[in-house]
Amino acid sequence: MRIGSVQLPSPFAIAPMAGMTDTAFRRLVKRHGGCGLVVTEMVSSEGLIRGIDRTLEYAEYTEEERPISIQIFGGDPDKMAAAAQIVEGMGADIVDVNMGCPVPKIAKHNAGCSLMREPAHAASVIAAMTRAVSIPVTVKMRAGWNDDERNAPTLAKMVEDAGAAAIAIHGRTAAQSYTGTADWDLVAGIANDLTIPVFGSGDCIEPEQIVGRMRAGVEGVLVGRGVLRNPWILSHAAALIDGRTPRPVTPEERGRFLLEYIDLLVLERSDDARALTHDKWVINKLRALGSWFTKGLDNGSHLRTAINSASSLLELRETISAFFFCAHAETAR
Ligand SMILES: Cc1cc2nc3c(=O)[nH]c(=O)nc-3n(C[C@H](O)[C@H](O)[C@H](O)COP(=O)(O)O)c2cc1C
């Protein structure tokens, strides 16, 4: 499939997830196959324009992640256009606009999902961006703001007319946050109405669900929490869609994933100024991933507790190795 001029090797993508889908995590998932696109965590348009270090870090990526989409948030058309130019200058393949974030800190600044409440203004943001850059501009939205304003079908058409090259829809309203279930009928209906590719997002925890959603009519699927639980889910979905049986993941492979994640994180953001807090940052990243990665594992709650109580990188590595590699740990499970 293609987004504008960008060819995707697979229709499955890692959904953007603030705090989770950093470059290290994306690289590891990508190495396991089946992933056609990665999207950064959301990045502030204001922060990009002002060159704030922390913002620029969120937008970092490596060549092996291509094709890469950098997601930005903001509500001012001129600033979003300027930020898109910065993203293009950083070498990204695609610039994505966040119209789905329900968090008040973002939404109150006329950004994130609150853009959905002003469709004409949201379309003017996309029009300004598409005029400013030559890379594809895409949009990620929700079903709407709340049950009375489920306007994704109308807004999707408007942003397509404004020049968007693809759209992703998480089939929940902002009011729902993550409660209830994603409305895939709504998503499939929009995919049917538009000419540009439509990705669906929401509640794919098993690879079979991803394949089922594809068959129901979307061009691609963005997987969020399912990838945090099972980083192999996209490669398993790719196998299923090709008629192959996915290879089960061994406990050792799961353990190796976490250890490699630590190794990659240790190499990142490790300038002298941060030396003292760097280990703590890595430990916190592992705690964040651990809360998802351990779900559904035999004895996963024990591992989660052990990761949360590890106070050094050495202890963290030992905890993970003992759980996944030691024969006695295996028998105890
Ligand atoms: C921890 C977390 C952070 C998220 N951050 C973002 C974000 O930065 N930008 C965005 O568009 N969506 C964000 N989302 C929404 C996801 O991209 C996705 O649409 C949503 O989680 C539904 O898909 P899932 O059920 O596969 O997780 C986030 C979701 C989670 C769970």
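These numbers come from a predicted model, not from an experiment. (Residues numbered from 1 in each chain as written. Predicted model: local features only at pLDDT ≥ 70, side-chain atom pairs only at ≥ 80, totals over all residues. Heavy atoms only, no water.)

1. A short note on the packing of aromatic side chains
So, step 1. Counted by the stated rule, this structure contains five aromatic pairs.
So, step 2. When the centroid spacing of 5.6 Å and the interplanar angle of 55° are considered together, the rings of W232 and F257 count as tilted. In this pair, W232 sits in the loop between α10 (225–229) and α11 (233–241) while F257 sits in helix α12 (residues 251–267), placing the two residues 25 residues apart along the sequence.
So, step 3. Exposure remark for W232: the relative accessible area of 4% places this residue in the buried category.
So, step 4. Judged by its relative accessible area of 1%, F257 is buried.
So, step 5. Measuring from centroid to centroid gives 4.8 Å for F323 and F324, while their planes differ by 80°, and the two rings are edge-to-face. (Phe/Tyr/Trp six-rings, centres within 6.5 Å; stacked < 30°, edge-to-face > 60°. Helix = DSSP H or I, 4+ residues; strand = E, 2+ residues; numbered from the N terminus. Buried < 20%, exposed > 50% of the residue type's maximum accessible area, 1.4 Å probe, protein only.)

2. A look at the pattern of salt bridges
So, step 1. Tallied over the full model, the rule gives 20 salt bridges.
So, step 2. For K285, the salt bridge identified is with D22, shortest N-O distance 2.9 Å. On the criterion of sequence distance, the pair formed by K285 in helix α13 (residues 275–293) and D22 in the loop between β3 (12–14) and α1 (23–31) is long-range, its members being 263 residues apart.
So, step 3. Residue class for D22 comes out buried when judged on its relative accessible area of 3%.
So, step 4. One connected set of salt bridges, linked through shared partners, spans R26, R27, E65 and E268. (Salt bridge = Lys/Arg side-chain N within 4 Å of Asp/Glu carboxyl O.)

3. A word on the site of the ligand
So, step 1. As a structural note, the neighbourhood of the ligand is formed by 16 residues, with P16, Q71, S201, D203 and R225 the closest of them.
So, step 2. At 2.7 Å from an oxygen atom of the ligand is found a side-chain nitrogen or oxygen belonging to R225.
So, step 3. About the coverage of the ligand: the protein hides 90% of its 610 Å² of free accessible area.
So, step 4. Looking at the shell around the ligand, its residues break down into seven nonpolar, six polar and three charged. (Near = heavy atom within 4 Å. Polar contact = N/O pair within 3.5 Å; in protein donor to acceptor, adjacent residues only side chain to side chain. Areas by Shrake-Rupley, 256 points an atom, 1.4 Å probe, with all protein chains shown as cover. Nonpolar A, V, L, I, M, F, W, Y, C, P; charged D, E, K, R; others polar.)

4. Examining empty space enclosed by the protein
So, step 1. Inspection of every chain in the model, using the stated rule, returns one cavity of 30 Å³ or more.
So, step 2. Space inside the largest cavity adds up to approximately 120 Å³.
So, step 3. Taken together, 14 residues line the largest cavity, and the ones lying closest to its centre are L37, D96, T138, A168 and F199.
So, step 4. Classifying every residue of the lining of the largest cavity by side-chain character gives 10 nonpolar, two polar and two charged. (1 Å grid on protein atoms, 1.4 Å probe; cavity = no way out; pocket = protein on both sides within 12 Å on 5 of 7 lines; lining within 4 Å. Points joined across faces, edges and corners; volume = space filled by probe spheres on them.)

5. Some thoughts on the layout of surface pockets
So, step 1. Of the pockets and cavities examined, the largest pocket occupies roughly 630 Å³.
So, step 2. For the largest pocket, the lining is made up of 32 residues, of which P16, M17, A18, K140 and Y178 are closest to its centre.
So, step 3. Going through the elements one at a time, α5 (104–107), β8 (137–144), β9 (166–173), β11 (220–223) and α10 are the ones with two or more residues in the lining of the largest pocket.
So, step 4. Here the residues of the lining of the largest pocket are counted per class, giving 18 nonpolar, eight polar and six charged.

6. A look at the side chain of T55
So, step 1. Mapped onto the fold, T55 is located in helix α3 (residues 53–58).
So, step 2. Those residues in contact with T55 that lie beyond four places of it in its chain are V43, S44, G47 and L48. (Contact = heavy atoms within 4.5 Å.)

7. Comments concerning the nonpolar core
So, step 1. Residues M99, M141 and L234 are the most contacted members of the largest nonpolar core, which totals 92 residues.
So, step 2. Among the elements that line this core, the one with the most residues is α12, at seven residues.
So, step 3. Counting residues in each nonpolar core, the second largest holds 13 residues, with L8, L37, A166 and A168 among its members. (Core = buried A, V, L, I, M, F, W, Y, C linked by side-chain atoms within 4.5 Å.)

8. Brief notes about the pairing of strand β10 (residues 198–201)
So, step 1. Residues V198 and G200 point to one face of β10 and F199 and S201 to the other, with burial holding for every one of them.
So, step 2. By the bridge criterion, four bridges tie β9 to β10 in an arrangement that is parallel. Note on β10: the bridge partner recorded for I169 is G200.
So, step 3. Assessed by its sense of winding, the connection that carries the chain from β9 through helix α8 (residues 184–193) to β10 is right-handed. (Pairing = 2+ DSSP bridges. Right-handed = clockwise from strand over helix to strand, strands pointing away.)

9. Considering the packing of helix α4 (residues 77–89) against helix α6 (residues 119–132)
So, step 1. Between α4 and α6, the shortest axis-to-axis distance is 8 Å and the interhelical angle comes to 40°. Compared by their axis directions, α4 and α6 come out oblique. At the point where α4 passes α6, the crossing takes the right-handed sense. Residue-level contacts link P77, M80, A81, A84, Q85 and E88 of α4 to H121, S124, V125, A128, M129 and A132 of α6.
So, step 2. Looking at the contact of α4 with α6 residue by residue, the classes come out as eight nonpolar, three polar and one charged. (Axes fitted to C-alpha atoms, helices over the stretch in contact; angles between N-to-C directions. Parallel < 35°, antiparallel > 145°, perpendicular 65-115°, else oblique. Left-handed = near helix turned anticlockwise from the far one by under 90°.)

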